[in-house]
Amino acid sequence: MDRTQAEQKLKQIFNLDRFYDDQWATIDRIFNGERILLIEKTGFGKSLCYQFPATQFSGLTVIFSPLIALMRDQVKYLQGIGIAAGCVNSEQEPEENTKLLEQAQQGKIKILYIAPERQENLEWLEAVRGMNLSMVVIDEAHCISIWGHDFRPAFRRIINLVKLLPARFSVLATTATATPRVAGDVVIQMGEDIHLIRGNLLRANFSLRVVWVRSEEAKMAWLGEYLQQVEGNGLIYTGTRVNTDLFSAWLNFVGIDAANYNAGFDAESRKEIEDGLLANRWKCIVSTNALGMGIDKPDIRFIVHTQLVQSPIHYYQEIGRAGRDGKPTEITLLYNPADVDLPLYFIKNSKPSLDKYFRIIDAVKQEPLGEHDLMRRTNLTQTQVRVIRADLIDQGIIKEVMYGRSKKYEYHFGAPELDVKPFEALRKFKLAELDKMVEYAESSNCRMDFLCRYLGDASVSRCGKCDNDLQQSHVMELTAYWQREIDKFLDDYYPELPVETRYSNLINGVASSYYGFSNVGSTIHRCKYENGGDYPAFLIKKTLRAFRHKFGNEKFDLVLYIPPTESGELVKNFAERIAKTLSFPISHNLKKLKRTRPQKVFQNSVLKRDNVKDAFVFEPHYAVANKKILLIDDIFDSGATIKEVGRMLTKLGAAKIVPLVIAKTIGGDIS
Amino acid sequence: MNDVQDFAYWMALSHLPNWRTEKVNQLIVEILHNQEITFAEFFNLSAEQWKKAYRLNDKETTDLISARSELASYSFVAESLLEQGFSLIPINSDEYSKTLKDNLKTKQAPPLLYVKGNKKILNEPSVAVVGSRNASEISLEFTRNIAQKCAHDYRAVVSGFAKGVDKLALDASIEFNGHSIIVLPQGILTFSSGFKKYYQQIVAGDVLVVSTFHPKAPWSVGLAMNRNIYIYGLAKEIYVAESDSKGGTWAGVMDGLKKRRKIYVRKPESDEKNANNLLILKGAIPVNMNGDQIEINDEDNLRIQLTELLSSGYLTTDEIKDKLQLDIEPKELGYFLSGLDFIEPMKINSKKFFRLKELSSDQTELFQ
């Protein structure tokens, strides 16, 4: 097929007039059975490079992508123009996935999107046996590379697969963000005969700027001012989940319509917010970088980062989601030099210490173990287990094997010794990238040039729109006015305790503060671990305010409190004073059945859960039957204790159980 | 060391539907050795080229076209196998069992092995212990002795994981810390419970699990019978604990003797009712309870010679005396022959001949 013929079909099927040159170059090679790595900026139209050929091939095209939101949108779009498309991912019901696989096998689907974790499921393998494949596409191909900013072990397996495909089988890998090093890595991994097509990275409609601040409060103030005058809708990216809550609550406090979003939300809530984003329901959404990937919104008018990110490539990708319509778009980074601590912390802790690796290796030498069993056996956090596991699989020391429907890890006979040199190399590399990000923030030269050059495109030199090219410099000093507003806000800002589940009558509760804020944490620590006496009045007052804020004048039938392991009668006395002030009756009959160890000893939620399981008892049962209970404790960490008590009380007939605590930790606060 | 991409091709060829092993191997030889092209290039040819250059018929060409469309799917399966710690060993690999290749040759050696565990065991000296499913106590004791001896001598035990002598040999080999090969009567992905059971031995490098069938093939009688060939094929030496004069063990041993394999049979006690002695007559080497060779006494020797001599037909007493150069009066020889339980007299035109007694023929030919 030549270009003219192809463009005729393009018009028929997609209602587009012509291809860009780079698009046609790619498609032509695909028809030739070649393998291509396509690096083009967001908004270029990479999808067309595989969607069009897919319609022309006789068999099925499979697209691997980590972006579930994108899959959904693309499938909707394709179905809308009459192309049989489907997607298979972990957020759908298994029955739906099965049906789609069957349809693909029967040749009823032309284009199938798959989230890579799908690959090891044997059901998928069975289905593939019967499928007539014409092309494999790897979207977000930078996920293949350890040197990229978003390495995913599941993608590594796709590479194995590509290597196994017969020669002259079309493979297209695409990404918008790959440094030359990452591109080189992808090329090596996919097979040296892959052809690289790279477009320019200049986003001509972006105005990049950096605002210097000296505190978190200054950032809040800046946001308060900025969002009142900027036009259009946009995104605010924070560095932690806690901050999404904090900043969005702050913005709403000063009258700006903001929603918050992070990966801790359930799928339904997340979908709701994604839909709201597309419908411009709010002025902005405050989120971690979980939001935005693959969402097809052309008019994100501004993006603000409240926290330094790990590297310029992370930054380029995150801001890349804005302004796809080509209209003027503002990109801001709020920069406090001390902010480098957070990414530094993540880098330094990205790999667990070596002895933890050997703990895992020794465990699997005994028997095949699943993830939870591994966590139990080794007392490591889920994150630690996952990182170590990925490295061990990468080095061929352990293998992931399906036992029926569950995944277990086996030690591989003949495996090599653990090689630690790559860890050190990776650490050094990441530290260097962070230095580069700091360089961006502190640069006085063209910012667009800096980013593009970093990504291998030296063609820019001067964008004419960034703060440096315009000879502006931005600094935000905290005024008295904003200081007052922020104080007012923090006074009334109470973290929610998410404990609701299907298995109990627990309702989400509230804490008076985050552990690390004001002097709440230090006061608690002094009383609990340094014999500082009972919890002082200001904590009681704050807790009562939190209660009133969420529950108003709601009446409760009974107050109970979590009996402690250590720290004597602190919680008891605290609970008594709360109960007295609220005039609710209190009972001291919630008791510990077995000796538990302090939860803080346990690194992961599975062991914490195990620790408190069946540990509590309440007598007499009728005292809680049909009652509304206020459950008090001093610190809320994983919530395992409260959930266990809630479950137990529900079994005894309690109608509603609400937790009320002094402080909620932000994971890791308690050392 | 094979290019990983090749595995999809090996799988596609190995599992061509209803193709005899010999035909598959011949095709592989033709492609790789005679025409000297790669599998990739082969699969790129047209049906006409296949018919012409490789002398394939219409059905075979259709099968290949079908296999070609499944190549991508086989890639997925191969990748998944490798990820889960399995290895694929094609017949042209250095890691393939030389014993298997020598014993089965192009006619029956499986083109592709699916394995998990210590691959090196494939090229260690190996022994199979075979016998009836419901073997007697004494046979089981013998099996244990052999397995223990093997463990001591660094010979690997080859087992089909079947009830009776077979499984006992495996368990004993493991008990005495020897090496073992388990030859599955099913696809390697269907053996989860077995992998769990022998996990520690596999991890320690003592047990290797092998399957020649499609990875997801469920157990079937056909596969189980097929797999017996591979047990014999993988073993350098065979020890027979106990055999009837018909059935799987008998058929296997007879076939092995025909192929001049080294087969050792346990010399039975005088009150045992099995066909072990018969096998000794047919050429199997008698051993005692510890697997040590026993001297064949003169009478047994004569019985063996007679068996061989009369296997080609019937002869008169004089002819027998001459051919075996026996220093005995024909009349006495005649009496002796009449008293043997495996020989019978017959008359043709009133002349007396002797021939081998017909055996009940459940000699199911294991091999096509």
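Above this text you will find the structure in question.
Quick look at the structure, then. (Residues numbered from 1 in each chain as written. Chains lettered and ligands numbered in written order. Predicted model: local features only at pLDDT ≥ 70, side-chain atom pairs only at ≥ 80, totals over all residues. Heavy atoms only, no water.)

### What about the packing of helix H23 (residues 605–612) of chain A against helix H24 (residues 640–651) of chain A?
Residue and element names in this part refer to chain A. Between H23 and H24, whose axes approach to 9 Å, the crossing angle comes to 45°. In terms of axis orientation, H23 runs oblique to H24. Crossing hand, H23 versus H24: right-handed. Here Lys608, Arg609 and Val612 of H23 lie close against H24, whose contacting residues are Ala640, Thr641 and Glu644. A per-class count over the contact of H23 with H24 returns two nonpolar, one polar and three charged. (Axes fitted to C-alpha atoms, helices over the stretch in contact; angles between N-to-C directions. Helix = DSSP H or I, 4+ residues; strand = E, 2+ residues; numbered from the N terminus. Parallel < 35°, antiparallel > 145°, perpendicular 65-115°, else oblique. Left-handed = near helix turned anticlockwise from the far one by under 90°. Contact = heavy atoms within 4.5 Å. Nonpolar A, V, L, I, M, F, W, Y, C, P; charged D, E, K, R; others polar.)

### Brief notes about a nonpolar patch on the surface
Taken together, the side chains of Leu354, Phe358 and Val420 of chain A present a nonpolar region at the surface, about 230 Å² in accessible area. Among the secondary structure elements, Leu354 of chain A is positioned in helix H14 (residues 354–366). (Patch = residues over 30% accessible without salt bridge, like charges linked within 9 Å, V, L, I, M, F, W, Y side chains within 5 Å. Areas by Shrake-Rupley, 256 points an atom, 1.4 Å probe, with all protein chains shown as cover. Salt bridge = Lys/Arg side-chain N within 4 Å of Asp/Glu carboxyl O.)

### Side note on the packing of aromatic side chains
Tallying each qualifying case throughout the model produces 39 aromatic pairs over all chains. Ring centres of Phe191 of chain B and Phe195 of chain B lie 5.3 Å apart, and the angle between their planes is 80°; this geometry places the pair in the edge-to-face category. Residue Phe195 of chain B is classed as buried on the basis of its relative accessible area, which comes to 6%. Between the NZ or CZ atom of Lys365 of chain A and the centre of the ring of Tyr411 of chain A, over which it lies, the distance is 5.0 Å. Taking NZ or CZ as reference, Arg447 of chain A lies 5.3 Å from the ring centre of Tyr440 of chain A, over its face. (Phe/Tyr/Trp six-rings, centres within 6.5 Å; stacked < 30°, edge-to-face > 60°. Buried < 20%, exposed > 50% of the residue type's maximum accessible area, 1.4 Å probe, protein only. Lys NZ or Arg CZ within 6 Å of the ring centre and 35° of its normal.)

### Describing the interface of chain B and chain A
Listed per partner, the contact involves 35 residues of chain B and 39 residues of chain A. Summed over the shared surface of chain B and chain A, the result is one salt bridge. A salt bridge links Glu410 of chain A to Lys116 of chain B; the shortest N-O distance between them is 2.5 Å. Scanning the region where chain B abuts chain A turns up five residue pairs in polar contact (both at pLDDT 80 or more). Elements with a contribution of two residues or more to the side of chain B that touches chain A: helix H1 (6–14), helix H6 (71–83), strand S2 (112–117), helix H10 (192–197) and helix H11 (199–204) of chain B. The dominant element in the side of chain B that touches chain A, judged by the number of residues it contributes, is H6 of chain B, at twelve residues. (Polar contact = N/O pair within 3.5 Å; in protein donor to acceptor, adjacent residues only side chain to side chain.)

### A word on the sheet that holds strand S13 (residues 329–335) of chain A
The pairing of strands in a sheet comes from backbone hydrogen bonds and takes either a parallel or an antiparallel form. Residue and element names in this part refer to chain A. Read across the sheet, seven strands follow the order S10-S11-S9-S12-S13-S8-S16 without closing on themselves; strand pairing throughout is parallel. Of all the strands in the sheet, the pair left with one neighbour each is strand S10 (258–261) and strand S16 (474–475). Note: strand S12 (residues 300–305) against S13, four bridges, orientation parallel. Across the sheet, Phe302 pairs through a bridge with Glu330, a residue of S13. Where helix H12 (residues 312–319) meets the sheet, its contacts fall on strand S8 (206–212), strand S9 (233–237), S12 and S13, and the angle it forms with S12 comes to roughly 150°. Across the sheet, helix H17 (residues 421–442) touches S8 and S13, and the angle it forms with S13 is around 110°. (Pairing = 2+ DSSP bridges.)

### Quick notes on the layout of surface pockets
Residues and elements named next belong to chain A. If you add up the space inside the second largest pocket, you get close to 960 Å³. Together, 37 residues line the second largest pocket, and Gly45, Lys46, Ser47, Gln74 and Arg324 are the ones closest to its centre. Counting only elements with at least two residues in the lining of the second largest pocket, the list comes to helix H3 (48–56) and helix H4 (68–80). Broken down by element, the residue count for the lining of the second largest pocket peaks at four residues, all from H4. Its residues assigned to classes, the lining of the second largest pocket comprises 13 nonpolar, 14 polar and ten charged. (1 Å grid on protein atoms, 1.4 Å probe; cavity = no way out; pocket = protein on both sides within 12 Å on 5 of 7 lines; lining within 4 Å. Points joined across faces, edges and corners; volume = space filled by probe spheres on them.)

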